[in-house]
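Residue-level structure breakdown
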Number of protein chains: 4
Amino acid sequence: MKRKKLEKIGVLTSGGDAPGMNAAIRAVTRAAISNKLKVVGIRHGYQGMIDGDFVPLRTRDVSGILHRGGTVLKTARSMEFRTEAGREKAYQNLKKEGIDACVVIGGDGSFTGALIFSQEYDIPFVGIPGTIDNDMYGTDYTIGYDTALNTVVEAVDKIRHTAASHDRLFFIEVMGREAGLLALSAGIAVGAEAILIPEAKILEKELDQFLKKGYKEKDRSGIVIVAEGGETGRVIKIAKAVEDNYPNLDVRVSILGHIQRGGKPSARDRIAATKMGVAAVEALLDDQKSIMIGLVKNFIVDHVPFNKAVKLNHSIDEDLIHIQSIINI
Amino acid sequence: MKRKKLEKIGVLTSGGDAPGMNAAIRAVTRAAISNKLKVVGIRHGYQGMIDGDFVPLRTRDVSGILHRGGTVLKTARSMEFRTEAGREKAYQNLKKEGIDACVVIGGDGSFTGALIFSQEYDIPFVGIPGTIDNDMYGTDYTIGYDTALNTVVEAVDKIRHTAASHDRLFFIEVMGREAGLLALSAGIAVGAEAILIPEAKILEKELDQFLKKGYKEKDRSGIVIVAEGGETGRVIKIAKAVEDNYPNLDVRVSILGHIQRGGKPSARDRIAATKMGVAAVEALLDDQKSIMIGLVKNFIVDHVPFNKAVKLNHSIDEDLIHIQSIINI
Amino acid sequence: MKRKKLEKIGVLTSGGDAPGMNAAIRAVTRAAISNKLKVVGIRHGYQGMIDGDFVPLRTRDVSGILHRGGTVLKTARSMEFRTEAGREKAYQNLKKEGIDACVVIGGDGSFTGALIFSQEYDIPFVGIPGTIDNDMYGTDYTIGYDTALNTVVEAVDKIRHTAASHDRLFFIEVMGREAGLLALSAGIAVGAEAILIPEAKILEKELDQFLKKGYKEKDRSGIVIVAEGGETGRVIKIAKAVEDNYPNLDVRVSILGHIQRGGKPSARDRIAATKMGVAAVEALLDDQKSIMIGLVKNFIVDHVPFNKAVKLNHSIDEDLIHIQSIINI
Amino acid sequence: MKRKKLEKIGVLTSGGDAPGMNAAIRAVTRAAISNKLKVVGIRHGYQGMIDGDFVPLRTRDVSGILHRGGTVLKTARSMEFRTEAGREKAYQNLKKEGIDACVVIGGDGSFTGALIFSQEYDIPFVGIPGTIDNDMYGTDYTIGYDTALNTVVEAVDKIRHTAASHDRLFFIEVMGREAGLLALSAGIAVGAEAILIPEAKILEKELDQFLKKGYKEKDRSGIVIVAEGGETGRVIKIAKAVEDNYPNLDVRVSILGHIQRGGKPSARDRIAATKMGVAAVEALLDDQKSIMIGLVKNFIVDHVPFNKAVKLNHSIDEDLIHIQSIINI
C-alpha cells in the first residue's frame, strides 16, 4: 500500500494541564504551517477524538496564546479511549477529518494511550512532555516544571514572612505524586529548614536534628517542605506528629494546591515548549513515530521511544540532597 | 503633677501580621526622629512589653524594610497582658526604658488592649489599623488589605487556567473571619461566577441560578469565591453539597490559606502605612491619646477614638453586591 | 419628536491605553445585556466611528478579558474626528448601525470630543475616566493609575538593588505629562531619597540637602524619582547637572517608558473599572448625558459634567509632599 | 615550605551585579562553616581587598538574603587592583586577616584579576560565574541569566499590550554587550516578530520580510527585540531607519535598561547559585585553584580553568535561530 503524503496533522493536550502547553500548541501550529501542513486542534484530549471535537488552527488562531497558562485546547481524561470501541471511533473521526498524524502534549498516561493507538492504527504519534513533575525518562525537562517551581517559591516566600513574624513552624505541601523533585528543588530555592520527599529517608533525620538542636533558639521560625507523595493529607499527619512531640512549637500547615498548575509560563517554559513544538513537527516530517521529544544536556532536542518515556524516572538529583545537608546547618 | 515632655516613644505590632506593617514602623521611626524624638521598638507585641524585649530604632535600623512583608518587630498574642499583673510588669518596663508614649499597629484586639492599659497607666497610645480584613470602624482603609486582595486575585487567576482547561468548578476559600469584604472584592476582580459571604444571603441565589441555568453549556468552568466566615471547613461543606446535587460537575476545593498574609506590600499599602505612621507621631506630638489613625474619603487622615474603632464594621459595600448581580449574567 | 427608546449602545476606548480598560468594556457590555440592551464595540476610538469599524459584543465576546492589559477594542487618535466632515460621517455610521448612545473610555481629550459631538448630534455620551495619570477633575480615581503605580514601584525596587550594590545615584523618569501625582506617590512608596515634580519647588531643596548632607556617608546609594513633566529628556538634563556639581558620584539615568502603560490590571483597577462600567450604563438608562462617571470618597459613584471633567486637576496631594519632607531625613 | 591548612576563606562579588549573587554568598558561607572553615566577606570587590574592607560572615549574617537581588557585599570595579602596588596591598590585607583562599563571584574580568593575583601570590582562588549575559566558556549557565530573561519577558509582555492597542511597532533594546543570547531567548519567549543580534545576520532578513509582507495587514502590531551589542543607541538608529523607509508605521523605541539587573532571583538562579557556592568551597577543600565552577549538561557541577573561562563564548544556540525562522511566519 502506498502511503499517503503528510498533509494534515492533529494536535491535542492530554492529562493534567501545565503552563507552557499553549506555547507548544502555538509552535506545533506555526511550524506545521511553515512546512505547508494543515493543522487541526483536537479538543478535550483523547475524548475529543472520539467525539470529533475538532477545530482548524491557522496562524491567527494561535496568536496571543504564547504567554497564557492552561491549554486553549482543553484537556480531559478519557475512559472511553481505553476501550477498543472508543479507539475505533477515534480513528474513524481522524480519517474523516483527513488527519495523517498527531502531536500529543502530555505525560506518561498520554503516551501510553498514543502507543496503544499507533499499534492498532496507521496514524503516527509524536509526543511532547508536559507535566509539572519533570519525572519523565529520557528528557531533562518537561513543560511546566519551571513555572510550577517558581510559583511554589513565590508562595513559600510569602508564607516565610508570616512564619518569621510569629515564630511559627510551617509544614507546606507541594505537588508531586510519586516524585519529590519539585519539593526538593523548591526547598533549596526557599532555604527550607527541612525537606521531606519519598525518595530520600536521610532528609527526615535533618528534620529531627533541626527540631532538637536548631529550634531551641528564640526568634526562630521554620519552613518544612513536604512532597505530596501520592498520599493525601500526608502533610497533616506529619505536622500533627511534630506538634505532639514538641508541644511548645506553633505548628501550622499549608497545602499549596491548584495554584501550582496555573500561571503565565516562565521564559524557560515558553522556550522549551517552542523548541519541542518545532521538533515534534520536524520529527513527523522526518517519518518518525511513537517517540517523545526530549531536551537533554543544555536543552538540546532528542528523540525518546514512547515505551521508554512512559517509564517514570524516579531517580532524584543526589547532588541536591547532598547540598541540602551541607547548607542547612 | 507636671507632665514630662514627650521625648521617647515605643512602637509595636500586635495581632496577626499584615503586609505594610514594616512601612508603618519605618514611617513612625523616621517621623519621630525628624521631630527630635527617640524611638524604641517593642518586639513580639504586648508580650515584649512584659518581657522588656526592647530594641532602639535609628534611621538606619528601618532602612530597607519599606518593601518587606511581615513585621521586623514580630508580633504575638499575649495572654499575660490580659491580666493586671502582666500590664503592671509592662508599665514598669516602659518606665524603666523611659518610654513616654506608644504607637501600636494592629487590629481591634490590639486597640482594646491599649485602651485598657491607658485607662490604668499614664502612657498615651495611638493606634494604626493593620489587618487584611479592612473591617475597622472609622477608617476606609486598613494596612494590608490591598496586598492581600491582589494576592488572592493573582492566585485565583492561576486557578482559573486549570479550571478552564478541565471544565471544572472551583470553590475557593478566602480569609475574613467575620467579614466578607475581601472575598466580595476579590470575587468581582476575578469575575467569579458566584460569591458567598456571611453578609449577603442574596448572593447564594446567584450560585443556584448559575448552577441551574448557566452551567448546562458545555465548555464552561466556574469560580466560586467563599469567605472563610469564622467556620473552618465551611468551603468543603458547601462544595460537597453542590457535588451531591450536581453529580456531573467536576467540583474542586482550594483553600488559599496563609499566602494571603504575606508578600511585598503593594504601592497602596506602602503609601497608606507611611501616611498613617507620620500621622500617628504627629497625633502624639499634638497631645492626642487613645485614638486610631484613620484614612477617610480620598485617603485623608482622620482621628477615631479607640472605643469606636474597636467596634468592627460589618457593613458591606452594597454597591459591590449590586454590581455582582448585574455583571454576573 | 418622540425620542426613540434606548435599545443599542456603542462602547469605545480612546486616547492612550490604560490597564483596566478591558474590565470596563466587559462591565459596560454585561451591564447593558443584563438590562436588555444590545452592545456594539467601536474599534480604534473615534476613527472607528468614521470608518464604521463596528463589532457586536455579546457576553462571551467579553469573556476572559477582565484581567488583560491594553484594550481589545484598540484605541487611536483621530485627526478626522476634529473636523465637521469627520463627525458627520461618524454620525451616519452610528445611525446606520442603530446605536442610540455611547460609552467612551478615555481621558480629557476623549471627553472634549464627545462633548462637541453631542452638542451637534442627538446621541448621548457618558464617559469613564481611563488614564494612568489620575489627574481628572471630579473623580478621585481614573482607571489604570493603581496598576501603573505598582509597575513603577516594582521597577524601582529592582533598580534599587543595582543602585545599592554599586553605591550609585539613580535618576528615574516616571510618566506624567503635566501631573506629578504618579511620580510623587511612587517616590513615597519606594522610599526615594528625592522626588522632583512640576507642582512642588520645595522638593528640589530636598535633593540639594540630600546631595550636600546625606550623601557624604560611604555605602550610600540613592533613588531620585523625576516626573516626565511634558519635557522629553528632562531627567537627563537634571542628572547631568548633578553629575557636573558632584563629580565623585556615580550617577545613572533610567527612563521607565512604555512598560508603565501595560500589564495585568491590579485588583483595584479591575474593581474601579467594573463599578464605572455598570454606572455608565445605568446613567444612560437614567437619561443622563455628557457626564463622566467619577469615584469619590471611598469609591462611591458620582456624575461629573464633561465640561468640568476636561479641566485637568493639577492640584497635588499636599499631604504627600509634607510626608516626604518628614520621612526623608 | 609546609603549607598552612585551609582555615579561613574570603568571599567577594566583583564586576556588574546579578540576581542570585546573594544566594551564592550564602551557600559559600554555609558550606564553609559546615566544613569547619571561617568566612570573611570582602566588600566592594577587589577594591575592598586593597582597602581592607572585611566583615566576618556567620550563619546568621547570611540569613534572609537568599531571595534578595543585588549583592550584600557590594561590588565595584577597581583600577587600583590592576596595578602591582594595588595587588600587593590586597595581599598584605588578606594575610593580616588570615585569609587562606578566596571565592570570587563575577564575570570574565573578575577571573582575569584572580588569575593574575594567584600567579603572583600564594592565595588560591575559585570562581563562580555571575553575569546576566550567560556567555562564559565552559559553563551552560551563569548566575542571574534566568532572572534577567524573565524580567525582560515580563517587561515586553507589558509593552505588547500597548503595542497591540495602538497598532504600533516597538523596537526594544535588551542588555548584552557582545552577546545576543539574552535577546534571542527573550525574543522567542515573547513571540517577537523579529530579533536583531550581533551574531546572526540572517535574522535581519526576517525583519525586512516582516516589514514588507506581514505588516500590510491592518490591526497588526509588532515587537522587535534588539541586542544592545556594545553600541549605545543602536536601537534608536535602527528604528529611525525603519521609520524613514516605512513612514506609515507608528514606530516606538523602548530601552529596558537597569531593571534587567535587579529583582528577586528566580528559582533556577537560586538553585544554580546554591549548587555553585557549595561546589566552590568543596573545590578549595579538594586543593583546587584557578578554576571556575561550571554547570554543564543537566546542571551538573564541572571545573573550568580560569584561562579558558575568561574567553567569552560568543557562539549562539543555532537551534534558537532556526526556530525563530520557522515559527515567525
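Calculation notes
Residues numbered from 1 in each chain as written. Chains lettered and ligands numbered in written order. Predicted model: local features only at pLDDT ≥ 70, side-chain atom pairs only at ≥ 80, totals over all residues. Heavy atoms only, no water. Helix = DSSP H or I, 4+ residues; strand = E, 2+ residues; numbered from the N terminus. Rg over C-alpha atoms; globule rule 2.2 N^0.38 Å. Buried < 20%, exposed > 50% of the residue type's maximum accessible area, 1.4 Å probe, protein only. Contact = heavy atoms within 4.5 Å. Phe/Tyr/Trp six-rings, centres within 6.5 Å; stacked < 30°, edge-to-face > 60°. UniProt positions renumbered as here; feature names shortened; annotations may be inferred. Buried area = accessible area lost by both parts, 1.4 Å probe. Salt bridge = Lys/Arg side-chain N within 4 Å of Asp/Glu carboxyl O. Polar contact = N/O pair within 3.5 Å; in protein donor to acceptor, adjacent residues only side chain to side chain. Axes fitted to C-alpha atoms, helices over the stretch in contact; angles between N-to-C directions. Parallel < 35°, antiparallel > 145°, perpendicular 65-115°, else oblique. Left-handed = near helix turned anticlockwise from the far one by under 90°. Nonpolar A, V, L, I, M, F, W, Y, C, P; charged D, E, K, R; others polar. Pairing = 2+ DSSP bridges. Right-handed = clockwise from strand over helix to strand, strands pointing away. Domains from an automatic or database assignment. Least-squares fit on C-alpha atoms with pLDDT ≥ 70 in both.

**Concerning the overall build of chain A**
- Each helix and strand in chain A was counted, giving 11 helices and 11 strands.
- Taken over C-alpha atoms, the radius of gyration comes to 22 Å for chain A, in line with the 20 Å a tight globule of 329 residues would show.
- C-alpha extents for chain A along the principal axes are approximately 75 × 35 × 30 Å.
- Taking all 329 residues of chain A together, 64% fall into the buried category.
- For chain A, restricting intrachain contacts to residue pairs at least 6 apart in sequence, the fraction spanning at least 24 positions comes to 75%.

**Digging into the packing of aromatic side chains**
All names here are of chain A.
- With the rule as written, the count across this model stands at 31 aromatic pairs over all chains.
- Aromatic side chains tyrosine 141 and phenylalanine 299 sit 5.5 Å apart centroid to centroid with 50° between the ring planes, which places their arrangement in the tilted category. With tyrosine 141 in the loop between β5 (125–129) and α5 (145–166) and phenylalanine 299 in the loop between β10 (291–296) and β11 (300–305), this pair connects stretches of sequence that are 158 residues apart.
- The structure contains a cluster of three or more aromatic residues connected by ring pairs, namely Tyr46, Phe81, Tyr91, Phe117, Tyr121 and Phe125.

**Concerning the UniProt feature "binding site: Mg(2+)" (unreviewed entry) in chain A**
All names here are of chain A.
- Within this numbering scheme, the UniProt entry marks Asp108 as carrying the feature "binding site: Mg(2+)" (unreviewed entry).
- In this structure, aspartate 108 sits in helix α4 (residues 108–120).
- Setting aside chain neighbours within four positions, we find aspartate 108 in contact with Met136, Arg177, Val310 and Leu312.

**Looking at the interface of chain A and chain D**
- With 42 residues of chain A in contact, the opposing surface of chain D contributes 42 residues.
- A combined buried area of about 3600 Å² lies between chain A and chain D, and 59% of that area is made up of carbon and sulfur atoms.
- If you sort the residues of chain A by the area they bury against chain D, Ile271, Ile327 and Ile329 of chain A come out on top, with a joint share of 16%.
- The tally of links from chain A across to chain D stands at 8 salt bridges.
- Note that aspartate 157 of chain A is salt-bridged to lysine 264 of chain D, the shortest N-O span being 2.9 Å.
- Put simply, chain A and chain D have 16 residue pairs in polar contact (both at pLDDT 80 or more) between them.

**Regarding the interface of chain C and chain B**
- With 42 residues of chain C at the contact, the number on the chain B side is 42 residues.
- Summed over both sides, the interface of chain C with chain B buries roughly 3600 Å², with 59% coming from carbon and sulfur.
- At the surface where chain C touches chain B, the tally comes to 8 salt bridges.
- Here lysine 275 of chain B and aspartate 319 of chain C are joined by a salt bridge, their closest N and O atoms 3.6 Å apart.
- On inspection of chain C and its partner chain B, the count reaches 16 residue pairs in polar contact (both at pLDDT 80 or more).

**Digging into the packing of helix α5 (residues 145–166) of chain D against helix α6 (residues 181–190) of chain D**
Residue and element names in this part refer to chain D.
- Contact geometry of α5 with α6 gives a least axis separation of 9 Å together with a crossing angle of 45°. Considered as vectors, α5 and α6 are oriented oblique to each other. The handedness of the crossing between α5 and α6 is right-handed. Across the interface between the two elements, Tyr145, Ala148, Leu149, Val152, Val153, Val156, Asp157 and Arg160 from α5 touch Leu181, Leu182, Ser185, Ala186, Ala189 and Val190 from α6.
- Tallied by class, the residues present in the contact of α5 with α6 amount to 11 nonpolar, 1 polar and 2 charged.

**Some words on the pattern of salt bridges**
- With the rule as written, the count across this model stands at 64 salt bridges over all chains.
- Between aspartate 244 of chain B and lysine 240 of chain B there is a salt bridge, with the nearest N and O atoms lying 3.0 Å from each other. On the criterion of helical spacing, the pair formed by aspartate 244 of chain B and lysine 240 of chain B is a turn pair, its members being 4 residues apart in helix α8 (residues 234–245).
- Among the charged side chains, a salt-bridge network with shared partners connects Lys4, Glu7 and Asp100 of chain A.

**Considerations on the pairing of strand β2 (residues 38–42) of chain A**
Residues and elements named next belong to chain A.
- Within β2, 4 of the 5 residues are buried, which leaves it mostly tucked inside the rest of the structure.
- Where strand β1 (residues 8–13) lies against β2, 4 bridges are found, and the strand directions are parallel. By the bridge assignment, glycine 10 is partnered in β2 with valine 40.
- With helix α1 (residues 21–34) bridging β1 and its parallel neighbour β2, the resulting β-α-β unit is right-handed.
- Two elements, β2 and strand β3 (residues 54–56), share 3 bridges in a ladder whose sense is antiparallel.

**What about the sheet that holds strand β8 (residues 222–227) of chain B?**
Residues and elements named next belong to chain B.
- Spatially, β7-β8-β6-β9 is the arrangement adopted by the 4 strands of the open sheet, whose pairing is parallel. Every other strand in the sheet has two partners, leaving β7 (194–196) and β9 (251–255) as the edge strands with one partner each. Direction aside, the axes of adjacent strands within the sheet are offset by 20° on average.
- One ladder, built from 5 bridges, connects strand β6 (residues 169–174) with β9; its direction is parallel. Paired with leucine 169 across the bridge in β9 is valine 251.
- Contacts between helix α5 (residues 145–166) and the sheet are confined to β6, β8 and β9, with β6 contributing the most and set at about 165° to the helix.

**Details of the UniProt feature "active site" (unreviewed entry) in chain A**
Residue and element names in this part refer to chain A.
- UniProt records the feature "active site" (unreviewed entry) for Asp133 in the present numbering.
- Within the secondary structure layout, aspartate 133 lies in the loop between β5 and α5.
- Classification of aspartate 133 as buried rests on a relative accessible area of 9%.
- Leave out the neighbours within four places in its chain, and aspartate 133 touches Thr142, Tyr145, Gly176, Arg177 and Leu181.

**Section: the domain arrangement of chain A**
All names here are of chain A.
- On domain assignment, one finds that chain A holds domain 1 (8–144 + 265–309) and domain 2 (145–262).
- The centre of domain 1, based on its C-alpha atoms, is set 34 Å off from the matching centre of domain 2.
- Listed per partner, the contact involves 18 residues of domain 1 and 13 residues of domain 2.
- Carbon and sulfur atoms supply 48% of the area that domain 1 and domain 2 bury against each other, a total of about 1200 Å² over both sides.

**Looking at the relation of the copies chain C and chain B**
- Superposing chain C onto chain B takes a rotation of 180° plus a shift of 0.0 Å along the axis, which leaves an RMSD of 0.0 Å. These values place the two chain copies in the arrangement generated by a two-fold rotation axis. Among all residues of chain C, the one whose C-alpha sits closest to the rotation axis is lysine 297 of chain C, at a distance of 1.9 Å.
- Of the residues that chain C buries at the interface, 100% are likewise interface residues in chain B, meaning the two copies contact each other through the same surface.

**Quick notes on the arrangement of the chains**
- Separated throughout, chain A and chain C approach each other most closely at a C-alpha pair spaced 11 Å apart.
- At the C-alpha level, the nearest point of chain B lies 11 Å from chain D, with no contact between them.

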